[in-house]
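# A look at the structure
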Amino acid sequence: MSHYFTCQVLTLTRGLRSVLINPWPVVTNNCTIQQGVIGAVHVRHKGKQRIRDAKVQADKNKTFFSKKDKKQIQSSASASIEKSTILADKPVDNVWVRKFYPTPRFSIDNAFERHQAFAQPAMLDNMEGLVYLDMLLDFTTKKKTKFLKNIRSTVLLPHPFNWGPPPNILVFCKEEEHTTLAMTLGAKHAGSPPEVIKMIETGILNPKDFTHVLATADCAADITPARSYFRDKFPQRAKGSLGTDLNAMWTLFYDGYTYETQSLSESQGKLQVPVGQLKQPTSQLVANFEAFVESICKHRSIALGPFIQSISVVAPPSPEEFLVKVEDYVPGYQNEEVDSDDEDDVMEETN
């Protein structure tokens, strides 16, 4: 402690001596002395300040990229690299390296014929197997912040085929003749709304056991309490599961195929549907394909562009996947005339 005090006194004495000789201010290690006045200590770290200023300037010049921007940059870069490796639209030889040419696309009948050739007994022996359509769907609407929800719908195909076990159907009906008809057709259960709802509440019936739920028109007001039990399966006129013709409803939902989309993101979804068996004639497979496309495209206005973005034809266990010329079959790729009110009608039916 005494050593430190002695150093301070010597430093101050040297500073006073410098003032007597030189009238200009003198800066010592610890204080500023000017004309005999001892001021406060002012130490400026100019080196650190320069580094700090340089960092601030670097942050100002730095460009910020969000996650979405980064993904777009990466996708555009990969697309440009892929485009640069493409040698031609079509190969000229019988053997070629696939990565240097775009993925070939086929007509729908050609895609079916190729899978049927692979399924012959001499090869995969899979003529009883199913052939599927893999689709990518556009869920965008005219509002940038609003997107389509998953779609569940039933279509009656022109050429039915065995694709799975028969569905379990529940029928809401009041009239005795409707109850008798439903049980004759093969319904798992049929009854009045109060009776069915009470059986569900007591655990006698499980809503999950039913694939479809139908209702006659006179039950429309009485089945409202059952909405929470069935959700998407709840009878609606727009879906064809609520009406006066029980026979027509039964034919649609017992013999038809019910498809349901899956969301990949807010703006895009996917759908896989069986279109028939490989043993069926190609003309029947094409007719079923057209029925599916027509039914699916009703859920989005053509004014927004094509709903189906791509279609691939697959037939497990074959590893082959044939890409279809989607613009030849899906509405929206050509300049079709559309009504401006169509989109609002479609959105109301979907919601």
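Residues numbered from 1 in each chain as written. Predicted model: local features only at pLDDT ≥ 70, side-chain atom pairs only at ≥ 80, totals over all residues. Heavy atoms only, no water.

### Overview of the sheet that holds strand β8 (residues 189-191)
With parallel pairing, the four strands of this open sheet are ordered in space as β8-β7-β9-β10. What marks the edges here is a single partner per strand, and that holds for β8 and β10 (242-243). Sheet analysis places strand β9 (residues 212-216) next to β10, joined by two bridges and oriented parallel. Its bridge partner being in β10, A215 is matched across the sheet by L242. Packed on one face of the sheet, helix α5 (residues 176-185) meets β7 (169-172), β8 and β9 and runs near 175° to β8. In the packing of helix α6 (residues 193-201) onto the sheet, contacts are made with β7 and β8, and the angle to β8 comes to roughly 130°. (Pairing = 2+ DSSP bridges. Helix = DSSP H or I, 4+ residues; strand = E, 2+ residues; numbered from the N terminus. Contact = heavy atoms within 4.5 Å. Axes fitted to C-alpha atoms, helices over the stretch in contact; angles between N-to-C directions.)

### Here we look at the side chain of T258
Within the secondary structure, T258 sits in strand β11 (residues 257-260). A polar contact of 2.7 Å, which involves the side chain of T258, links it to the side chain of T154. (Polar contact = N/O pair within 3.5 Å; in protein donor to acceptor, adjacent residues only side chain to side chain.)

### Observations concerning the pattern of salt bridges
Counted under the stated rule, the structure contains five salt bridges. Between R105 and E327 there is a salt bridge whose closest N-O contact spans 2.8 Å. On the criterion of sequence distance, the pair formed by R105 in strand β4 (residues 105-106) and E327 in the loop between β15 (321-324) and α10 (342-350) is long-range, its members being 222 residues apart. Classification of E327 by relative accessible area gives partly exposed; the value is 22%. Among the ionic pairs, D222 bridges to K174, the shortest N-O distance being 2.4 Å. Of this pair, D222 sits in the loop between β9 and α7 (227-230) while K174 sits in the loop between β7 and α5, and the two are 48 residues apart along the sequence. Overall, D222 belongs to the partly exposed group, its relative accessible area being 31%. (Salt bridge = Lys/Arg side-chain N within 4 Å of Asp/Glu carboxyl O. Buried < 20%, exposed > 50% of the residue type's maximum accessible area, 1.4 Å probe, protein only.)

Interpretation note: all reported values are geometric properties and have no functional meaning in isolation.
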